[in-house]
Amino acid sequence: LLRFSHALRGDGRLDEAISCHTRVTALHPRRADGWFDLGLAQQAHGDLGAAARALGAGLRLRPADAGRLTAYGVVLQQAERLDEARDAYRRSIARSPGAADAHFNLGTAHEAAGDFDLALAAYRAALDRDYDEARVHNNIGGVLSAQGDVDGSIAAYREAVDADAAFADGWYNWGNVLLAAGRLGEADAHLRRALKIE
């Protein structure tokens, strides 16, 4: 039944997948994976409240699962429950300090909450663990821009596109910072580069 549920989800048949996953949890309520799979299917379907409840049920059965804590944090963050999301990411990091994605996601939650210094620290921790360098530098650029550090923001976006020259968001954001700084010729070139890529 679990394999069938996964196949349905893979085919985009989310209503049927959720129905199968729900049956699994009814048949085996002490099986954490059933709850985790149900939560992920509900998340894909856009039912974030139900997804958070299902993932929470799985975590009550297996509270030390760092990866599932991060997934739970993502659902909570999507539901704009930022304090709970940050708590989930912190708990994930406590269980698996080397998990770069948990550090990165914690940074996004701090950034969404306006806690920019904490966001920078979390992004730098993700970089230290070799997380997607272009993406992290891009987010650092956004935080520095929000803090009014134009030069730092420009340098971060430069790092993003140095890490991945085909990273359109890095070129786009760099171009926008240059535009705001009145460096129109450079901004035009960077924005055109972003459009060419995407």
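Use the structure listed above.
Anyway, here's the lowdown on the structure attached to this text. Counting of residues starts from 1 at the beginning of each chain's written sequence and follows it residue by residue. Reporting in this predicted model follows two pLDDT cut-offs: at least 70 for local features of residues, and 80 or more for side-chain atom pairs to be given and counted; totals over whole chains, interfaces and linings ignore these cut-offs and use all residues. Side-chain metrics in this entry use all non-hydrogen atoms of the structure; hydrogen atoms and water are not considered.

Turning our attention to a negative patch on the surface. Patches were defined on residues exceeding 30% relative accessible area and lacking a salt bridge, with like-charge contacts within 9 Å and nonpolar side-chain contacts (Val, Leu, Ile, Met, Phe, Trp, Tyr) within 5 Å. Areas reported here follow the Shrake-Rupley algorithm with a probe of radius 1.4 Å; residue values treat only the protein chains shown as occluding. Throughout this description, the term salt bridge denotes a Lys or Arg side-chain nitrogen within 4 Å of a carboxyl oxygen of Asp or Glu. Charged residues are defined here as Lys and Arg on the positive side and Asp and Glu on the negative side; His and the ends of the chain fall outside this count. All charge positions are set by atom: Lys at NZ, Arg at CZ, Asp at CG, Glu at CD. Side chains of Asp128, Asp130, Asp132, Glu133, Glu159, Asp162 and Asp164 sit close together on the surface and give a patch of like negative charge. A run of H or I in DSSP counts as a helix once it spans at least four residues, and a run of E counts as a strand once it spans at least two, with each numbered from the N terminus. Inspection of the secondary structure assignment puts Glu133 in helix H9 (residues 133–146).

This part is about the packing of helix H5 (residues 66–78) against helix H6 (residues 82–95). With their axes 8 Å apart at the nearest point, H5 and H6 run at an angle of 165° to one another. If you check the angle between H5 and H6, you find them roughly antiparallel. The way H5 lies across H6 gives a crossing that is left-handed. Here H5 contributes Ala66, Leu69, Thr70, Tyr72, Gly73, Val74, Leu76 and Gln77 to the contact with H6, which in turn contributes Leu82, Glu84, Ala85, Ala88, Tyr89, Arg91, Ser92 and Arg95. When residues are sorted by character, Ala, Val, Leu, Ile, Met, Phe, Trp, Tyr, Cys and Pro go into the nonpolar class, Asp, Glu, Lys and Arg into the charged class, and all the rest, Gly among them, into the polar class. Broken down by class, the residue content of the contact of H5 with H6 amounts to nine nonpolar, four polar and three charged. Fitted lines through C-alpha atoms give the axes, limited to the stretch in contact for helices. The angle between two N-to-C directions lies from 0 to 180 degrees. For classification purposes, an angle smaller than 35 degrees is called roughly parallel, one larger than 145 roughly antiparallel, one from 65 to 115 roughly perpendicular, and anything else oblique. The handedness criterion is simple: a crossing whose near helix is rotated anticlockwise from the far helix by less than a right angle is left-handed, and one whose near helix is rotated clockwise is right-handed. Contact criterion: two residues are considered in contact whenever any of their non-hydrogen atoms come within 4.5 Å of each other.

This part takes up H5. Every helix has an expected span of 1.5 Å times one less than the residues it contains. Between its first and last C-alpha atoms H5 spans 19 Å; for 13 residues at 1.5 Å apiece the expected length is 18 Å, and the two agree. With a 1.4 Å probe rolled over the protein chains alone, any residue whose accessible area is under 20% of its type maximum counts as buried; one over 50% counts as exposed, and the rest are partly exposed. By the burial criterion, the buried members of H5 are Ala66, Leu69, Thr70, Ala71, Tyr72, Gly73, Val75, Leu76 and Gln77. Buried residues in H5 make contact with helix H3 (32–45), helix H4 (48–61), H6 and helix H7 (100–112). Near the N-terminus of H5, the side chain that reaches the backbone nitrogen of Gly67, with its oxygen 3.3 Å away, is that of Asp65. Taken from the residues just after H5, Glu80 is the one with a positive phi, measuring 65°. Think of a polar contact as two N or O atoms within 3.5 Å of one another; within protein, one of them needs to be a possible hydrogen donor and the other a possible acceptor, and neighboring residues in sequence only count if both atoms come from side chains.

Let us now look at the packing of helix H10 (residues 150–163) against helix H11 (residues 168–180). At a closest axis distance of 9 Å, the pairing of H10 and H11 adopts a crossing angle of 160°. Between H10 and H11, the crossing angle belongs to the class labelled roughly antiparallel. Seen from above, H10 lies across H11 with left-handed handedness. Mapping the contact onto sequence places Val150, Ser153, Ile154, Tyr157, Arg158 and Val161 in H10 and Gly170, Trp171, Asn173, Trp174, Val177 and Leu178 in H11.

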